[in-house]
Amino acid sequence: MRKYNYILFDANNLYWRSFITGVKKHKNSSKLVSAGIIEAFSKVKKLLKTYGRADTKVFFIFDNPTHEISLRKVIDPSYKHPRDRKNIPAQLYQTMRTFQQILRSYSDHFNIV
């Protein structure tokens with residue numbers, strides 16, 4: 001498998017998918033609040049093991065969650081419909097901020113953008 005010097009993650013997408021998967025896996029567990037963080041970190045580690053080197057620089061790109069205008073929604077009103085604010089669990093952004101803090105302190109090779 002080819003290894004890369006730089007890896008970029010669409011962090012909002014990664015975390016959204018991890019959060020939903022984690023909630024489904026741990027819905028009757030005390031880990032429910034941290035489930036998204038656990039799942040996201042597990043995915044990051046797996047992808048880095050597959051595609052990264054020990055010195056790979058990793059960039060986590062987080063969108064602005066409070067933006068009001070989306071040109072894609074003007075073109076296609078159903079764009080990201082499941083991720084519409086009214087459909088998002090309340091803990092998503094709170095735990096995403098915690099995930100960002102963990103990433104910041106986990107490795108000097110991790111960069112949050």
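Residues numbered from 1 in each chain as written. Predicted model: local features only at pLDDT ≥ 70, side-chain atom pairs only at ≥ 80, totals over all residues. Heavy atoms only, no water.

Caption draft 1: Representation of the overall build of the protein within the structure. From N to C terminus, the protein includes four helices and three strands. Moving toward the C terminus, one meets the helices and strands of the protein in the order β-α-α-β-α-α-β. Burial status across the protein gives 32% buried among its 113 residues. The contacts in the protein between residues at least 6 apart in sequence include a share of 75% that link residues at least 24 apart. (Helix = DSSP H or I, 4+ residues; strand = E, 2+ residues; numbered from the N terminus. Buried < 20%, exposed > 50% of the residue type's maximum accessible area, 1.4 Å probe, protein only. Contact = heavy atoms within 4.5 Å.)

Caption draft 2: Looking closely at the confidence of the model for the protein. Looking at the protein as a whole, its pLDDT mean stands at 83, while 74% of the residues score no less than 70. Mean pLDDT in the protein bottoms out at helix 3 (residues 71-75), which sits at 59, and peaks at strand 1 (residues 4-10), which reaches 97. (pLDDT = per-residue confidence, 0-100.)

Caption draft 3: Molecular detail of the environment of Ile61. Here Ile61 lies in strand 2 (residues 52-61). Separated by 52 residues in the primary sequence, Ile61 and Phe9 have C-alpha atoms spaced 6.0 Å apart. When sequence neighbours within four positions are dropped, the list of residues in contact with Ile61 reads Leu8, Phe9, Asp10, Ala11, Asn12 and Val113.

Caption draft 4: Examining the nonpolar core more closely. With 20 residues, the main nonpolar core has Tyr15, Val44, Phe60 and Phe99 as its most contacted residues. Taken together, the elements giving at least two residues each to this core come down to strand 1, helix 1 (11-25), helix 2 (35-51), strand 2 and helix 4 (91-106). If near-sequence neighbours (up to four positions away) are discounted, Tyr15 is found in contact with Gly36, Ile37, Ala40, Leu92, Thr95, Met96 and Phe99. (Core = buried A, V, L, I, M, F, W, Y, C linked by side-chain atoms within 4.5 Å.)

Caption draft 5: Main features of the packing of aromatic side chains. Considering all chains together, one arrives at seven aromatic pairs under this definition. Seen in terms of ring centroids, Tyr4 and Tyr51 are 6.4 Å apart; in terms of plane orientation they differ by 45°. Their pairing is tilted. Linking Tyr4 in strand 1 with Tyr51 in helix 2, this pair joins segments that are 47 residues apart in sequence. Judged by its relative accessible area of 33%, Tyr4 is partly exposed. The exposure class assigned to Tyr51 is partly exposed, which follows from its relative accessible area of 31%. Ring centres 4.7 Å apart and planes at 80° place the aromatic pair Phe41 and Tyr106 in the edge-to-face group. Taken as a pair, Phe41 in helix 2 and Tyr106 in helix 4 lie far apart in primary sequence, 65 residues in all. Relative accessible area serves as the criterion here: at 13%, Phe41 is assigned to the buried category. Residue Tyr106 is classed as partly exposed on the basis of its relative accessible area of 47%. In textbook terms, an aromatic cluster arises when at least three aromatic residues are bridged by ring pairs, as seen for Phe9, Phe41, Phe60, Tyr106 and Phe110. (Phe/Tyr/Trp six-rings, centres within 6.5 Å; stacked < 30°, edge-to-face > 60°.)

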